[in-house]
Amino acid sequence: MTSYRNIVVLTGAGISAESGLKTFRDADGLWENHRIEEVATPEAFVRNPELVQRFYNARRQQLSEVSPNSAHIALAEFEQTFNGRFLLVTQNVDDLHERAGSQNLLHMHGELKKVRCLLCNSVHRYATDIEASTECPACGRTALRPHIVWFGEMPFYMDEIYQALEQCDLFISIGTSGHVYPAAGFVEVARQCGAHTVEINLEPSQTEDLFAERRYGAATTEVARFLNSLPGQ
């Protein structure tokens, strides 16, 4: 079996769902009973900032009700013992990976526990509710928004992510649907650059055919099982 030296892991909503967080949207196309257009676009924030802030305040509060699961913990423990290069890229805006102990982590879609000022563009950790009257810690003005990538906006850290994908020899996708780009295209980049590609998911994703290896089942079982099977573990 090949010994890997440069690993990139992508996680999606499926890994957080096993901790009790709802996935991005339900089967009826709603997210926590809201249409996506009402709470997850720049236009929605301009149209009704109070609704958008209340929505993300509630999502932020929900984080206190859940804990990292064994899949989050397995990834953190693997990172701590792995002797090569390891990067964890998550589409999730929760903090479960951090709370499990992950260090080399990029939130490509932003973070619930951060806010961004529309006037000075500073980013700040913020764990409590945000109101229209909440002042920016940097400039003192009232123009804070959730530090979340909404539809129509560019994900964060794309240069760093693509560089890592082009250099990795193992790419693992966990709990992703394969519907949301650019993340759904990461497997193609890694594969073209010679990496072994692995999908770990509850069920086949939209991009299952692009993966050289597929493991289906709960992330809380399959992630640790796969990582423990790698040489040197």
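Residues numbered from 1 in each chain as written. Predicted model: local features only at pLDDT ≥ 70, side-chain atom pairs only at ≥ 80, totals over all residues. Heavy atoms only, no water.

Under the annotation held in an unreviewed UniProt entry, the protein carries the name NAD-dependent protein deacylase and is attributed to Thalassolituus marinus. The record held by UniProt for the protein lists under Function (unreviewed entry) the comment "NAD-dependent lysine deacetylase and desuccinylase that specifically removes acetyl and succinyl groups on target proteins. Modulates the activities of several proteins which are inactive in their acylated form." You can read under Subcellular location (unreviewed entry) in the UniProt record for the protein the words "Cytoplasm". (UniProt positions renumbered as here; feature names shortened; annotations may be inferred.)

Trainee: How would you explain the sheet that holds strand β10 (residues 196-201) if you had to name every residue and give the values?
Mentor: Read across the sheet, six strands follow the order β5-β4-β1-β9-β10-β11 without closing on themselves; strand pairing throughout is parallel. Each edge of the open sheet is held by one strand with a lone partner, namely β5 (105-107) and β11 (213-216). On average, adjacent strands in this sheet sit at an angle of 15° to one another, irrespective of strand direction. When strand β1 (residues 6-11) meets strand β9 (residues 170-174), the two strands line up parallel, connected through five bridges. Looking at β9, one finds that T11 is bridged to I174. Along the sheet, helix α5 (residues 70-81) makes contact with β1, β4 (85-90) and β9, crossing β4 at roughly 155°. The strands touched by helix α9 (residues 219-229) within the sheet are β9, β10 and β11, with β11 carrying the most contacts at an inclination of about 140°. (Pairing = 2+ DSSP bridges. Helix = DSSP H or I, 4+ residues; strand = E, 2+ residues; numbered from the N terminus. Axes fitted to C-alpha atoms, helices over the stretch in contact; angles between N-to-C directions. Contact = heavy atoms within 4.5 Å.)

Trainee: Summarise the domain arrangement of the protein; cite the residues concerned and give the values.
Mentor: Interface size is commonly expressed as the accessible surface area that is lost when the partners come together. Here the domain parsing of the protein yields domain 1 (1-20 + 67-109 + 155-233) and domain 2 (22-65 + 111-148). Facing 11 residues of domain 1, the contacting portion of domain 2 comprises 10 residues. Surface buried jointly by domain 1 and domain 2 totals about 910 Å² across both partners, of which 58% is contributed by carbon and sulfur atoms. The largest contributions to the domain 1 side of the interface with domain 2 come from V93, D95 and F156, which together make up 41% of the buried area. One can count one salt bridge joining domain 1 with domain 2. (Domains from an automatic or database assignment. Buried area = accessible area lost by both parts, 1.4 Å probe. Salt bridge = Lys/Arg side-chain N within 4 Å of Asp/Glu carboxyl O.)

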